[in-house]
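A structural walkthrough
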Amino acid sequence: MSSELQWQIVRNTNCFLLKRNGTTFTSEPYNLTGRSSFKNCGMVNKRVVAVDAAPANKGVVLRVAKARAVNRPAKRFNNIVMRKNNRRIIRSIRKNTTRQNYRTDLTEAAVRRACAIVRSQNAKAPSSTGSKRRHKKN
């Protein structure tokens with residue numbers, strides 16, 4: 001069955017739909033942007049990209065689907081764990097999504113998701129709420 005036909009069947013009736021303020025969002029596991037559209041849908045496209053946090057909040061996991069293993073769920077995804085610095089993570093995500101024209105349209109969304117995950121993992125400790133003034137002793 002073609003992915004366009006699958007999208008026409010699934011677009012209004014699936015368990016991941018969230019309708020808020022006249023806009024339709026989705027909570028699919030392989031949707032990078034959260035928007036409900038054919039381009040971003042992880043259920044119907046053969047080539048899918050996902051970015052998640054690595055275990056123990058140390059790095060990022062890039063999940064790339066193999067187009068030929070659609071009917072074999074156990075072998076469908078390549079998981080690439082990246083624990084280097086931000087620039088190397090961004091470079092490797094761009095390299096993996098644009099190689100052989102895999103999904104060049106999802107490259108920037110994957111980079112933005114990875115940057116947000118890394119930024120949340122490197123969160124600074126909260127500073128004290130009050131200002132500390134040192135009083136001179138007379």
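Each remark here, short or long, concerns the structure printed above.
In this convention, every chain numbers its residues from 1, walking through the sequence in written order. Reporting of local features is limited, given that this is a predicted model, to residues whose pLDDT is at least 70; pairs of side-chain atoms are given and counted only at 80 or more, and all residues count toward the totals for whole chains, interfaces and linings. The side-chain values count all of the structure's non-hydrogen atoms but skip hydrogen atoms and water molecules.

Each patch is built from residues lacking any salt bridge and having more than 30% relative accessible area; the joining distance is 9 Å for like charges and 5 Å for nonpolar side chains (Val, Leu, Ile, Met, Phe, Trp, Tyr). Residue burial considers only the protein chains on display, and all accessible areas are found by Shrake-Rupley using a 1.4 Å probe. Salt bridges, as used here, are contacts in which a Lys or Arg side-chain nitrogen is within 4 Å of a carboxyl oxygen on Asp or Glu. Only four residue types enter the tally: Lys and Arg on the positive side, Asp and Glu on the negative side; His and the chain ends are excluded. Here the site of a charge means NZ on Lys, CZ on Arg, CG on Asp, or CD on Glu. Taken together, Lys84, Arg88, Arg91 and Lys95 make up a surface patch of like positive charges. Helix and strand labels come from DSSP, where a helix needs a run of H or I of at least four residues and a strand needs a run of E of at least two; each type is numbered from the N terminus. Tracing the backbone shows Arg91 in helix α2 (residues 86-98). Each residue is placed in one exposure class: buried if its accessible area under a 1.4 Å probe, protein chains only, is under 20% of its type's maximum, exposed if it is over 50%, and partly exposed if it falls in between. A relative accessible area of 54% means that Arg91 is categorised as exposed.

Further remarks concern the pattern of salt bridges. A complete count under the given rule lists three salt bridges for this structure. Between Asp52 and Arg63 there is a salt bridge whose closest N-O contact spans 2.9 Å. Of this pair, Asp52 sits in strand β3 (residues 49-53) while Arg63 is found in strand β4 (residues 60-65), placing the two residues 11 residues apart along the sequence. The class of Asp52 is partly exposed, set by a relative accessible area of 25%. A relative accessible area of 21% means that Arg63 is categorised as partly exposed. Where Arg103 meets Asp105, a salt bridge forms, and the shortest distance between an N and an O atom there is 3.0 Å. On the basis of relative accessible area, Arg103 is assigned to the buried category, the value being 11%. Taking relative accessible area as the criterion, Asp105 reaches 38% and is therefore assigned partly exposed.

On to the sheet that holds β4. As summarised here, the arrangement of the three strands in space is β3-β4-β5, forming an open sheet in which the pairing is antiparallel. Pairing within the sheet leaves two strands with one partner each, and these edge strands are β3 and β5 (77-82). Within the sheet, the average angular offset between the axes of one strand and its neighbour, ignoring direction, is 20 degrees. As paired elements, β3 and β4 share five bridges and run antiparallel to each other. Counted as the bridge partner of Ala50 is Arg63 from β4. Across the sheet, α2 lies against β3, β4 and β5, angled at about 160 degrees from β5, the strand it touches most. The contact definition used throughout considers only heavy atoms, calling two residues in contact when any of these lie within 4.5 Å. Whenever a helix is involved, its axis is fitted only over the stretch in contact; in every case the axis is a line through C-alpha atoms, and angles between N-to-C directions fall within 0 to 180 degrees. Sitting on the sheet, helix α3 (residues 107-121) touches β3 and β4, and the angle it makes with β3 is about 5 degrees. At least two DSSP bridges between two strands are required for those strands to pair.

Function cannot be read off these values alone, since they describe shape.
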